[in-house]
Amino acid sequence: MFNKGLSLEQAPSVSVPFRFFLSAPIFGVLISLVFLFLPFNEVSNQYSQKAIGIVHLFTLGILSMIIFGAMQQMMPVLSGAVVKKSKLFASIVHASLVLGTLFMSFSFILEIRFLLHIGVLFLAISFFTFFIVSIKLLFKVEYLTSTVKAMRLFSVSGLITLLLGLVLAISHISLNFSVFHYALVNMHILFGLLGFALLLIMGVSFQVIPMFYVALDFPKYIQNRVPLVLFLFLFLASLFLYFDINFLILKIIFTSIIILFAYYGLKSLNNRRRPVFDVTLWYWKFSLSMLVLSQVIWLFSIFETNYILAIIFAFGFLYSLLQGMVYKIIPFLAWFHLNSKGYFKLPTIREFIDEKYIKMNFFVHLSSILFFVLAYFENDLIYLAATLFFMSNMIFLINCIVAIKKYINISKTDPMDLSSFK
């Protein structure tokens, strides 16, 4: 399952990814509070300062947080790209990402411009540190798999997203907006969501779905061509946006590529070699279904605003998939690191988090998405949606803490003392 000559022994300390995973639901709680206390017409208006702040609480505080944590685990294991001084690297990236996200997002939400200066500084430290090291390591990898290739494209897309974001942030700081401002905004969104997020998800899916779910491999042409084609079309899309060329043909191409990936992902999950029930499958299947729905909404511009599209894509697709991944990664890492320390009597991977609580999280999360969508038609439902989203993130956080606490408690015992395990 792993690349030639590699071993899970190359993985960093569990404290590296765990700190990122525990931070994400805390930002989810913050998002729910913002939705609760701000008027719906402001948070649902894509051009409002409040909406920009909420979007970045999600993209930086949840999406980037989980991706950065997962990547520091996956790069050494799946590609052999080992980060030296991994704890120091993680501390710099994590601390600056947390501070940068808070300062930047609340500079828009509270409309306090000087906070943006601080936020941009910390975010630049976090993202430049992460991507410069990642690009350097990933482009040295000799044994290339479809996942490693996708990781390379992800890292380049992430760096481009950062550079575009810095240009836009400077515009907000100086209040000097060029005639190409909205073109740059759309480029930033495309490279961020389809490059930074989706390319990595594709690459990880090619390894994770067959490995964790004993499912069929994706067809080779999907693994080897789809991420590269998507990446190249992001540059063509940038030209279309810059020169204000009709974007419809590219929308058709993008949605076709993305739906093709989702189709094979669902096909793989539905044709598993060992069809054992796993609640995280619900997250993956729901997530990929929401990805398809989001593409249909985007292609046909079904709604007047992008509010519902944002909810379906961000909360329905991205956050659902990320939660499903974290529920797999944390127990697996806890089990692996304890096993490697010589502990023989351990909980199984599925016993680190009680499945009934993961199910609870799934249904509360799904309900919150439903009411976020319904709030577009009946605005007062936003309070119910935000409350459910708050509950969902609290359950997610508690479940993760429970698994990590089990790891910590067992790691404090003598590996040879079997009576110490309960």
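A brief report on the enclosed structure follows. No experiment lies behind these values; they were computed from the predicted model shown.

With respect to the overall build of the protein chain
Part 1 of the argument: When helices and strands are tallied, the protein chain shows 13 helices and zero strands.
Part 2 of the argument: Shown N-terminal to C-terminal, the secondary structure of the protein chain runs as helices and strands in the order α-α-α-α-α-α-α-α-α-α-α-α-α.
Part 3 of the argument: Looking at the 422 residues of the protein chain, the share that counts as buried comes to 56%.
Part 4 of the argument: For the protein chain, the share of sequence-separated contacts (at least 6 apart) that also reach a separation of at least 24 residues comes to 78%.
Part 5 of the argument: Carbon and sulfur atoms make up 67% of the accessible area of the protein chain, which totals about 18100 Å².

A short note on the packing of helix α8 (residues 220-242) against helix α9 (residues 248-270)
Part 1 of the argument: Interhelical geometry of α8 versus α9 gives an angle of 155° and a closest axis separation of 10 Å. Between α8 and α9, the angle falls in the class roughly antiparallel. Judged by the sense of rotation from one axis to the other, the crossing of α8 with α9 is left-handed. Together, Y221, I222, V226, V229, L230, F233, L234, L236, A237 and F240 of α8 and I249, L250, I253, F254, I257, L260 and Y264 of α9 make up the contact between the two elements.
Part 2 of the argument: Partitioning the contact of α8 with α9 into residue classes produces 17 nonpolar, no polar and no charged.

Regarding a nonpolar patch on the surface
Part 1 of the argument: Together, V179, F180, L236, L239, Y242, F243 and I245 give the surface a local cluster of nonpolar side chains, amounting to about 670 Å² of exposed area.
Part 2 of the argument: Position of I245 among the secondary structure elements: in the loop between α8 and α9.

Thoughts on unusual backbone geometry
Part 1 of the argument: A positive phi angle, close to 50°, is found at K85, a residue other than glycine.
Part 2 of the argument: The residue S301 is not glycine, and still its phi comes out positive at about 45°.
Part 3 of the argument: Mapped onto the fold, S301 is located in the loop between α10 (280-300) and α11 (307-340).

Observations regarding the environment of S23
Part 1 of the argument: Within the element layout of this structure, S23 appears in helix α1 (residues 15-37).
Part 2 of the argument: The residues contacting S23, other than those within four sequence positions of it, are G61, M65 and H94.

Description of α10
Part 1 of the argument: Compared with an ideal rise of 1.5 Å per residue, which puts 21 residues at 30 Å, α10 spans 31 Å between its outermost C-alpha atoms and is within 8% of the ideal.
Part 2 of the argument: Trailing α10 by a residue or two, S301 shows a phi angle of about 45°, which is positive.

Side note on the packing of aromatic side chains
Part 1 of the argument: For the coordinates displayed, the defined rule picks out 51 aromatic pairs.
Part 2 of the argument: Ring geometry for F68 versus F196: centroids 6.3 Å apart, planes at 85°, classification edge-to-face. Here F68, found in helix α3 (residues 49-79), pairs with F196, found in helix α7 (residues 181-213); they are 128 residues apart in sequence, far enough to count as distant.
Part 3 of the argument: The exposure class assigned to F68 is buried, which follows from its relative accessible area of 0%.
Part 4 of the argument: Where Y376 meets F377, the ring centres are 5.0 Å apart and the plane angle is 90°; that geometry is what we call edge-to-face.
Part 5 of the argument: Judged by its relative accessible area of 23%, Y376 falls in the partly exposed class.

Brief notes about the nonpolar core
Part 1 of the argument: Ranked by size, the top nonpolar core spans 152 residues in total, and within it F68, M71 and F315 carry the most contacts.
Part 2 of the argument: Sequence-distant contacts of F68, defined by excluding residues within four places in its chain, comprise F20, V93, L97, S126, F127, F130, F131 and F196.

Thoughts on the side chain of S268
Part 1 of the argument: Among the structural elements, S268 can be located in helix α9.
Part 2 of the argument: Take S268: its relative accessible area is 3%, and that puts it in the buried class.

A few points about the side chain of S105
Part 1 of the argument: Following the sequence through the fold, S105 ends up in helix α4 (residues 86-109).
Part 2 of the argument: At 3.3 Å, the side chain of S105 forms a polar contact with the backbone nitrogen of L57.
Part 3 of the argument: For S105, the residues in contact, after removing those within four places along its chain, are G53, H56 and L57.

What counts and what doesn't
Residues numbered from 1 in each chain as written. Predicted model: local features only at pLDDT ≥ 70, side-chain atom pairs only at ≥ 80, totals over all residues. Heavy atoms only, no water. Helix = DSSP H or I, 4+ residues; strand = E, 2+ residues; numbered from the N terminus. Buried < 20%, exposed > 50% of the residue type's maximum accessible area, 1.4 Å probe, protein only. Contact = heavy atoms within 4.5 Å. Areas by Shrake-Rupley, 256 points an atom, 1.4 Å probe, with all protein chains shown as cover. Axes fitted to C-alpha atoms, helices over the stretch in contact; angles between N-to-C directions. Parallel < 35°, antiparallel > 145°, perpendicular 65-115°, else oblique. Left-handed = near helix turned anticlockwise from the far one by under 90°. Nonpolar A, V, L, I, M, F, W, Y, C, P; charged D, E, K, R; others polar. Patch = residues over 30% accessible without salt bridge, like charges linked within 9 Å, V, L, I, M, F, W, Y side chains within 5 Å. Salt bridge = Lys/Arg side-chain N within 4 Å of Asp/Glu carboxyl O. Expected span 1.5 Å × (residues − 1). Phe/Tyr/Trp six-rings, centres within 6.5 Å; stacked < 30°, edge-to-face > 60°. Core = buried A, V, L, I, M, F, W, Y, C linked by side-chain atoms within 4.5 Å. Polar contact = N/O pair within 3.5 Å; in protein donor to acceptor, adjacent residues only side chain to side chain.

Functional significance is not addressed by these values, which are geometric in nature.
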